[in-house]
Every structure is written in structure tokens, then in C-alpha cells.
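Residue-level listing of the chains:
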Amino acid sequence: MRRRDERTRLPLRKSLLGRLLTVSALVASCSVAATAWLAVQTTSGAIRQEQGQNLIADAEIYNTLRGYAATHPDWEDVDDTVRRLARRSERRIVLTTQDRRPLSDSTDGAKDASGTASPAPLPPQASAVVDPLSVDTVLAPDAASAGTDRVDPRAVGPFLLPARERKVLRKATTASVQCLSAAGVAADVVESPSGRPHVQYVSSETDRSLELRCLTSSSAGPTATEKKALRALDRLADACLERQGLTGVKLNLDLSWDRGYGSADTGSDGLSAVPVPEGGITDEKWAAEQRAVQEKMAQDRAAKEKASGGDGIVDGPSTERSSKHDRATASCVDSARREQLTSYVAAPALLFIDSPDAVSVPGFDLSPANTTRIAGAAALVLALTVGASVIAGARLVRPLHALTGAAQRMRDGLGSAPVPVGSDNEIGRLAAAFNDMAAHRARLEEQRKAMVSDVAHELRTPLSNIRGWLEAAQDGLAEPDPAFVSSLHEEAVQLQHIIDDLQDLGAADAGALRLHLEPVRVDALLGQVAAAHQGLAETAGVTLTVSAAAPGTPLPPPPLDADPVRLRQAVSNLLSNAVRHTPPGGRVTLRSYVTESGDEVAVEVADTGSGIPECDVPHVFDRFWRAEKSRNRSTGGSGLGLAIVLKLAEAHGGTASVVSTEGQGSVFTLRLPAAPDRGAGREEPGEAVAGP
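Remember, it's a predicted structure, so these values are computed and weren't measured experimentally.

Visitor: Any details on the overall build of the protein? Residues and values, ideally.
Guide: Counting secondary structure elements, the protein contains 16 helices and 14 strands. Here the protein, with 692 residues, has 35% of them falling under the buried criterion. Counting every atom, the protein has about 40300 Å² of accessible surface; 56% of that belongs to carbon and sulfur.

Structure representation (C-alpha cells):
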């Protein structure tokens, strides 16, 4: 049997324990993941929002101080700017040299709690390096405009134009914009950090011929200040190229250089300055001037080729040589520009941006160590959840396995030992209910076997008698006289009586026992039953009486809503049973009364017979139970009468009970619900079906 139970045990993936573990692990994993995701999303969102706000403020501070450094040769007068930025951002701003010597501190002059002025410690890492010659592309929103050399466009140095030159250039540029507007081209005058105005087109698609007509030479060519700065920058760049064994170049105003031609008076696009009248130029004049420009370009190219002797860089050399020279030139121009601007801009400084109280809070990032800690915490929570689920699942499944094994043994018809009942919980109550069910089933099985045996015995006796008499008559051993017929009729009546009793019990068990309810006077019914059994009592030498109600009870008892036929059958069964078990000279008494609660009517059948042993009292209403184990027809009936009495009482909503003392007699009591107060009216008779 043990091997059979092991074969029928479900695999873990289908068992309750496996499902519990799976659900617990899934719930734990989802909860951990959801909690982690929510925490990360919330924290990340808050950090991004705060970092975004701080980045905007930091970028503004950095841009302002970078502009100051680009337009001042030192940091001497930066204190006012630093304090203004600190008040606006409500943060502490500190500038130091690269070796952390203080240059400016927005908290200078502030006193601590002790009343003394002491600078707060600086954070371990600077927020940025303020260097106009090396722009921080993270904090500078205008980093793209600084160019690939990362020089702040506001650092113009010697290219800064005086007011007189600015005025002349603005006048000429304004005239060009007016000329373009008259030709239908939208343009504005924009001033660069050096003070040079230039034309900015509203649309990126313009007519080049219109530009050449309206742009004046005075607005395109360099001024005296710019020429001086360009000559100084040329010298620095040429010195760098000569150290590399390369030929010098001629830089234009936009720091580009001519690869094949050019002169001191050549503009940024290689064209010589051409004076333009105030009213502009006509198409014929413009074409003539274009031809003059082309001739000038050809002359300059020929002169430069002759001067280089074939070793210089001219338009047309190999791509490899031109590319190498261009890269070297770009590097030299960049270094020359930085060298030129060094004396015009402030030295690089460290920028510290912190909270007003200068308390540095270390940031949290998902480093490998932090990631490991988060994963470890999640794994620990998951392991604890799985462990708790295993323990709880094992305790839950153990009694279920015992119940399953007991049910399988019961199904196979084997005896089932009681299942251990654990603590008072759902499983414990299930085990207790199963034990009660198993015990009740065992009792029913015993009663079923006994009932089958009793039914066979009760039916066999009359059938055997009938068969015996008929065979005797057939063989000529008995004459079919009136006594013979009377004997056969008696056996047939007994057989019919057993079948009727079994039919009544079957109908009661199936809930199909029909009751025809009507008001019944109990005292009148008892009189009728006593009169019907008076002859039987006299034959047995038993005195049969109908007694009055007990003192203090209403006379007569209230009527009942009952089926008079079925109620008479129940009382008749009790009365015939009492007469049968009362010796001659004894007494049988019928009595009815109202109970103390007032809602029931009791019918008693008392006798002074032999009584019932105490051990047999609980079984008197069982089917086919008889006090006389020999089942002699003269000392007992079929054993179904009292079972039918109990079923009829229950069908009327009442109960049946017995109190007996061995050797003194027994008292059988029917307790039936009293009819409700009908008042002046009278309820019509009805029909009801008794439930099981």
C-alpha cells in the first residue's frame, strides 16, 4: 500500500506545494522588482529633475564667469560678479587658482555660530575649470559656437575694435542691409564680440549675385586694428610652421589661409576690396568689376608660383602634400591664437559651486559595489520568501497527504485509521470532519449489512411458510380448508406489512413522503387508537387506558397541523409495541399534554413491561433492531415499526424519544409542534412533502 501511495503522488510541479512555491516566488520576485523599479524610477526622476535645475544654474554661473575671464586679463575685480551670481542662485560660489589659492568667495565676511569669520572647507572636487581658451562642452550651451579649438568666442584679444572703427563699419554694413532689403533679401546687422558688425541673412538660401552687389569692401576687409592683430598672428603661426620646415601662410580675417594666392589687401574670400558707391552698382559695372577681379587673381597666382620656385604650397600640388600642410597649418594657427590671447584673458581658475553652508553630500551612483548590494538584498528577500513558503507548504501538505491516503484506502474498501488532527485551523478541522465522516460511514456500512441480512430474514420467513403450505397441498399432505387459507393469508399479510414498512422508510429517506396536513385533536386521535387496540390488549391481559393531562396543563391540548393517518400510524406502532412487551396484568397508558415551552404537544405511550437494557436504548429506533435477538415472531415484529415512528415524527417537524428502565417499563414520547393561533378563522387542509 505504501508503494501504491508513492506511485500516485503528484509531481512537485503539479502539487499544491509546488504551486505554492511557484506563486510565492513569483509574487516575491514581482514585489521586489516592482519595489526596486518604483524606487529607481522615483529616485532617478527626482535626481534628474534636481540635476537639471542645478545644471541650468551651474551653466549660467559658468558662462558668466567664462565671459568675464574672456574680457579681462585677471580676476582682480570678479568679487562683485561672484556675489551677484551667488545671490541669484542661492548657492555658494568660490574661485581659486589651480593650486586652490582663493581668488573670490561669495561667503567672504559671513560669520559662523561662534561669531568668527572662517571660510568653510571646499568640496573635494571642483565643479568646473573656468578657462576661456578651453571651453567645457558640458556646462557651456554655446560650446558649438566656440569652434573646434574650444576658444570662447568672446576672447577676441587684440581684435577688439575701437569705437571709431565700429562706427565706420556699422555705417557701411547698414548700407549693405538696406541695399539687400531693396533687392528683396531680408537681412539684419549683427555685431560680433570683437565689435565688428556683419550681415546675417534671415533665410539660408540667398542669391550670391545680390550679395556681391550690396556688400561693400569697407565692411568685408580688415580694419587697421584687425590688420595689426593679423600680422602678429601671422608671425606666430609662421614661426611654428618654420620649426616644422613648412612654408608660412597668409591668414585671413576669419583665420582661414590662402593656399595659392593672396595679398595684404585680400578679403576673407580671396577678393580684393572694391569700393562701392552709396547707391550700389549696375549690372554692367558689376560685370566689369568681376572681370577685373578675375584678372587680379590670375596675376597673384602667377606671382606666387614664381616666388615659390616650385617648392611652396600652391593650388594644384598633390593631395597628400596639401593635406599634411593644412593639418600642420591648423595646429599652428590654433597654438598661435592661444599664445596671442594669453595676455588678454584671465588665467584658468577652479570653480566650486556648493550649498550655502558648504556641506558636501556625497552622491550615490550605481557603481558595481552598489549594484552588488542591491542584488544581494533582493536575493536575500527572495530566499527568505522561498524558505518561508517551503516551511509553510510542507506543514500544509503533510496532513493533506494523510487525508488523501485515508480516502484512497476507504475507496479501496480497506479499513482507514483515524487521521491525526493537528492544530485548530482549516486543515485540523478538515481532518476532524474526515474522521467523523469515516466513523459515520463505517456505522452506516454495518447498518447496511445488518439491514440486508434482516430484510432477507424477514422476507424469507413468510415466503418459506407460504411455499411449505403450498407444496404440502400440492403433494396431498394438507387439505385446502378454511384454516389452510387463513394461514396463507396471515403470512401474505405479514409479507405485505414488511414491504409497506420498507416503502414508507424509502419514501421518507428520499423526501417523497407526502403528508396531508389538517387540524387534528390529539385527545380524540388517542381515543380512536386505544379503541382500535382494545381487543389486542384484552387478549394479552393488559389494561389500556387514556389518561388525562398532567395538572397545570391546558385541557384539552391545542390542535396540531398533522396528517391524521400518518400520526395514527405512529401512535399505533408505539401502542402495539408496548402491548407486545407488557406481561399479562400490566398497564399501557396513553397521554397528551403541552410542554413547558408551550410550543410543542407531547404524546406519551407508557407501559409497565420488561423495559429495555441501557446499552440497547440508543438503538431502539434503528431499522430491524429487536430486543429479542432470536427474532421470534411471537415476541417481536419486523423491527421496522420504531424506525417508521421516528421518520413520521421528523416528517411532522417533531422528534421521538424513549426513557426506559429494565424490569420496570418504558415511556415513548412524540413531540410535535403545536399549531399556530388561528384566531377566528379556520385554515384549509393542505398537502406537504416531508424532506429527508
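Visitor: Quick rundown of the sheet that holds strand 10 (residues 587-594)? Include the residues and the values.
Guide: Strand order across the open sheet formed by 5 strands is 8-10-11-13-12, with mixed pairing between neighbours. With partners counted over all chains shown, the strands left at the sheet margins are strand 8 (543-546) and strand 12 (655-661), one partner each. Averaged over all adjacent pairs, the angle separating strand axes in this sheet is 15°, with direction ignored. Here strand 11 (residues 600-607) pairs with strand 13 (residues 665-673) via 7 bridges, running antiparallel. Across the sheet, the residue bridging to Glu 604 is Thr 669, located in strand 13.

Visitor: Kindly report on the packing of aromatic side chains, identifying the contributing residues and their values.
Guide: In total, this model carries 2 aromatic pairs according to the counting rule given. When the centroid spacing of 5.9 Å and the interplanar angle of 20° are considered together, the rings of Tyr 68 and Trp 75 count as stacked. Take Tyr 68: its relative accessible area is 8%, and that puts it in the buried class. Judged by centre distance (6.3 Å) and plane angle (85°), the rings of Phe 621 and Phe 668 are edge-to-face. Pair noted here: Phe 621 is in the loop between strand 11 and helix 16 (641-651) and Phe 668 is in strand 13, with a separation of 47 residues, a long-range link. Pair check on accessibility: Phe 621 and Phe 668 agree, each one buried.

Visitor: Requested: an account of the nonpolar core, with residues and values cited.
Guide: Membership of the largest hydrophobic core comes to 41 residues, with the highest contact counts inside it found for Val 588 and Leu 670. With 7 residues, helix 15 (residues 564-580) is the single largest residue contributor to this core. Contact partners of Val 588, with chain neighbours within four places excluded, come to Val 542, Thr 543, Leu 544, Thr 545, Leu 575, Ala 578, Val 579, Thr 582, Val 605, Ala 606 and Asp 607. Judged by nonpolar contacts, the second largest core, of 19 residues, contains Val 78, Leu 85, Ala 86 and Ile 353.

Visitor: Report on a negative patch on the surface, specifying residues and quantitative values.
Guide: Residues Asp 74, Glu 76, Asp 77 and Asp 80 make up a contiguous surface patch of negative charge. As for its position among the elements, Glu 76 is in the loop between helix 2 (16-71) and helix 3 (79-89). A residue is classified by how much of its surface remains accessible, and Glu 76, at 62% relative accessible area, is exposed.

Visitor: So what about the state of the cysteines? Which residues, and what values?
Guide: Scanning the model with the defined rule gives 1 disulfide in all. Across the disulfide from Cys 240 sits Cys 332; the S-S distance is 2.2 Å. Looking down the S-S bond of the Cys 240 and Cys 332 bridge, the torsion is -65°, so its handedness is left-handed. In this pair, Cys 240 is assigned in helix 7 (residues 224-243) and Cys 332 in helix 9 (residues 319-341), connecting sequence segments 92 residues apart. The exposure class of Cys 240 is buried, given its relative accessible area of 11%.

Visitor: Could you give me a rundown of the packing of helix 13 (residues 522-532) against helix 15, with the residues and numbers involved?
Guide: Where helix 13 meets helix 15, the closest approach of the two axes is 10 Å, and the angle between their N-to-C directions is 50°. In this view, helix 13 runs oblique relative to helix 15, as classed from their interaxial angle. At the point where helix 13 passes helix 15, the crossing takes the right-handed sense. Every residue of helix 15 that contacts helix 13 at Leu 525, Leu 526, Gln 528, Val 529 and Ala 530 is listed here: Pro 564, Leu 567, Arg 568, Val 571, Ser 572 and Leu 575. Looking at the contact of helix 13 with helix 15 residue by residue, the class counts come to 8 nonpolar, 2 polar and 1 charged.

Visitor: Residues and numbers for the sheet that holds strand 1 (residues 92-96), please.
Guide: Strands sit in the order 2-1-6-3 across an open sheet of 4 strands; the sheet is antiparallel. One side of each edge strand has no neighbouring strand; the edge strands of this open sheet are strand 2 (102-105) and strand 3 (128-130). When the angles between neighbouring strand axes are averaged without regard to direction, this sheet yields 25°. In this sheet, strand 6 (residues 349-354) lies alongside strand 1 in antiparallel orientation, the contact comprising 5 bridges. When the bridges of strand 6 are listed, Ile 93 appears paired with Ile 353. Strands in contact with helix 3 are strand 1 and strand 2; relative to strand 1, the strand with the most contacts, it is inclined by about 150°.

Visitor: Before we move on, can you summarise the pattern of salt bridges with the specific residues and values?
Guide: Considering all chains together, one arrives at 12 salt bridges under this definition. Residues Arg 92 and Asp 105 are paired through a salt bridge, measuring 2.9 Å at the closest nitrogen-oxygen approach. With Arg 92 in strand 1 and Asp 105 in strand 2, this residue pair connects regions lying 13 residues apart in the sequence. Relative accessible area serves as the criterion here: at 2%, Arg 92 is assigned to the buried category. Put simply, Glu 191 and Arg 166 hold a salt bridge, and the shortest N to O gap is 3.9 Å. Residue Glu 191 is found in strand 4 (residues 187-191), and its partner Arg 166 is found in helix 4 (residues 163-182); the two are separated by 25 residues along the sequence. The class of Glu 191 is partly exposed, set by a relative accessible area of 38%. On the basis of relative accessible area, Arg 166 is assigned to the partly exposed category, the value being 26%.

Visitor: Tell me about the side chain of Asn 573, and name the residues and values.
Guide: Position of Asn 573 relative to the elements: it lies in helix 15. Given a relative accessible area of 17%, Asn 573 falls into the buried group. Once residues within four sequence positions are removed from consideration, Asn 573 is found in contact with Gly 641, Ile 644 and Val 645.

About the cut-offs
- Residues numbered from 1 in each chain as written.
- Predicted model: local features only at pLDDT ≥ 70, side-chain atom pairs only at ≥ 80, totals over all residues.
- Heavy atoms only, no water.
- Helix = DSSP H or I, 4+ residues; strand = E, 2+ residues; numbered from the N terminus.
- Buried < 20%, exposed > 50% of the residue type's maximum accessible area, 1.4 Å probe, protein only.
- Areas by Shrake-Rupley, 256 points an atom, 1.4 Å probe, with all protein chains shown as cover.
- Pairing = 2+ DSSP bridges.
- Axes fitted to C-alpha atoms, helices over the stretch in contact; angles between N-to-C directions.
- Phe/Tyr/Trp six-rings, centres within 6.5 Å; stacked < 30°, edge-to-face > 60°.
- Core = buried A, V, L, I, M, F, W, Y, C linked by side-chain atoms within 4.5 Å.
- Contact = heavy atoms within 4.5 Å.
- Patch = residues over 30% accessible without salt bridge, like charges linked within 9 Å, V, L, I, M, F, W, Y side chains within 5 Å.
- Salt bridge = Lys/Arg side-chain N within 4 Å of Asp/Glu carboxyl O.
- Lys, Arg positive; Asp, Glu negative; His and termini not counted.
- Charge placed at Lys NZ, Arg CZ, Asp CG, Glu CD.
- Disulfide = S-S within 2.5 Å.
- Parallel < 35°, antiparallel > 145°, perpendicular 65-115°, else oblique.
- Left-handed = near helix turned anticlockwise from the far one by under 90°.
- Nonpolar A, V, L, I, M, F, W, Y, C, P; charged D, E, K, R; others polar.

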